[in-house]
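Take a look at the letters that make up each chain.
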Amino acid sequence: MSAMLAARLYSTAIPLPQSPSPPSRFHLRPSPAAGSRSLAPRAAASTTAVATKPAAAAPLSADRTDVRIGLPSKGRMAEQTLSLLKSCQLSVRQLNPRQYTADIPLIPNLEVWFQRPKDIVRKLQSGDLDLGIVGFDTVSEYGQVNDDLVVVHDALDFGQCHLSLAVPKGGIFENIHSVEDMAKMPEWTEEKPLRVVTGFGYLGAKFLKENGFKHVRLLSADGALESFPPMGMADAIVDLVSSGTTLRENNLKEIEGGVVLESQATLVASRRSLHKRKGVLEITHELLERLEAHLRASTELMVTANMRGNSAEDVAERVLSLTSICGLQGPTISPVYCRCDGKVAVEYYAMNAVVPQKLLYKAIQQLRSIGGSGVLVMKLTYIFDEETPRWRNLLTELGL
Ligand SMILES: Nc1ncnc2c1ncn2[C@@H]1O[C@H](COP(=O)(O)OP(=O)(O)OP(=O)(O)O)[C@@H](O)[C@H]1O
Ligand SMILES: O=P(O)(O)OC[C@H]1O[C@H](OP(=O)(O)OP(=O)(O)O)[C@H](O)[C@@H]1O
Ligand SMILES: [Mg+2]
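Residues numbered from 1 in each chain as written. Chains lettered and ligands numbered in written order. Predicted model: local features only at pLDDT ≥ 70, side-chain atom pairs only at ≥ 80, totals over all residues.

Take the site of ligand 2 next. Taken together, the neighbourhood of ligand 2 is formed by Gly223, Ala224, Glu226, Asp239, Leu240, Val241, Ser242, Ser243, Gly244, Thr245 and Thr246. Those elements giving two or more residues to the shell around ligand 2 turn out to be strand 10 (236-241) and helix 7 (245-249). In terms of residue count, the dominant contributor to the shell around ligand 2 is strand 10 (three residues). Considering only residue class, the shell around ligand 2 consists of three nonpolar, six polar and two charged. (Near = placed C-beta within 6 Å. Helix = DSSP H or I, 4+ residues; strand = E, 2+ residues; numbered from the N terminus. Nonpolar A, V, L, I, M, F, W, Y, C, P; charged D, E, K, R; others polar.)

Turning next to the domain arrangement of the chain. Assigned domains of the chain: these are domain 1 (52-160 + 264-297) and domain 2 (300-379). Once you take the C-alpha centre of each, domain 1 and domain 2 turn out to be 42 Å apart. (Domains from an automatic or database assignment.)

Near ligand 1 lie 15 residues; those nearest to it are Gly75, Arg76, Gly135, Cys161 and Ser242. Here the shell around ligand 1 is built from residues that sort into four nonpolar, eight polar and three charged.

Next up on the list: the sheet that holds strand 15 (residues 343-356). Spatial strand order, 14-15-13-16: four strands in an open sheet with antiparallel pairing. Of all strands in the sheet, those bounded by a partner on one side alone are strand 14 (332-340) and strand 16 (372-379). Looking at each pair of strands side by side, their axes are set apart by 25° on average, direction ignored. Inspection of the sheet shows strand 13 (residues 300-308) paired to strand 15 by nine bridges, in the antiparallel sense. Among the inter-strand pairings, threonine 304 is bridged to a residue of strand 15, identified as asparagine 352. Those strands touched by helix 11 (residues 360-369) are strand 13, strand 15 and strand 16, and its axis lies near 155° from that of strand 16. (Pairing = 2+ DSSP bridges. Axes fitted to C-alpha atoms, helices over the stretch in contact; angles between N-to-C directions. Contact = placed C-beta atoms within 7 Å.)

Below, the structure is given as structure tokens:
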């Protein structure tokens, strides 16, 4: 079906908020490290027409003993989710590619369900899934009806994009550079409202209301939204943007204040499952530990170099003067033994340190400048800290 045919009117005018917004329903807010601008979703201010109403929380089914995680079955998130899990030694085994279930041999009690991203959120709410990996945009759009969803890991480092309001570069928008300017445009009246096409009915409507738009008609469509304004089917769009290429190729622009939400892949859980279903908390802990340790390790390298010196302290003195080598706690310096004139002697010391990938070349240059030789560089699989901060946050969130 063409995108135009898929367009469907679901709201003719967006009323102003009647009451102040209730507090956020997502208590574990994405960290600033995720580059958030307006990451923490705010709940609906009033009863606006919304395209899809997710199911309210259903009672927890007691008749299953396995724990279930939903992974994206298709689209750009599917492959990257599997590859992230594989990097954490959690390869997913799908016996038959046409089946929608699979397992992870390393976690025997965990069943994998492949689902469309929005269905993962719905099934977490209906109690069919306990855990899921989906974009924060999907969690925010489809997970607003009850407070059962908990974002356990907010920055899985793939699927980075943002939901944004975009308008044509020219015509009546030529001199419009901010959302504030746009809301004040005299063109939008009750008879001729601003037509905004989006696949994010809930977030889009809320954003427009909160930004003072009075006369708006939201159109719902699933794909190729960027083609709507050039085809005269809509005035503006609210859609995901990553590189910005699709906007540019359709002569559209983003404007100041127009970012609705920052998004990347997240690990989400059902609060009821975490509390009540046996094994969910333990599996969540293992997933979180592996994910955090892997993501932490993915930006670092282990560097080993041999250095001539009179003592370990002498070598440490030189290494600690370098700006690029600091290690986790500090470099490890250990003697390299050789046999000299029939006696065991120490002429060299081996230095081991964890170095940020982006500082690698600088580190090698600096090591050479203080006499380092035979530099080995190794990839790291995991860096396990004493405790994962997100696990502590989760326990606090659950009151445990
Ligand atoms: N251009 C993009 N770059 C990076 N991540 C994106 C981009 N577009 C979407 N995403 C992220 O990937 C998720 C899945 O998007 P994808 O387009 O693969 O599936 P979908 O939109 O649900 O399905 P479909 O497009 O087939 O209807 C989104 O919810 C979002 O988190
Ligand atoms: O900023 P860019 O890097 O150009 O990416 C943005 C595009 O990616 C997504 O579409 P997708 O490719 O999923 O196609 P769809 O419209 O069929 O969902 C999104 O809906 C935008 O159209
Ligand atoms: Mg898409």
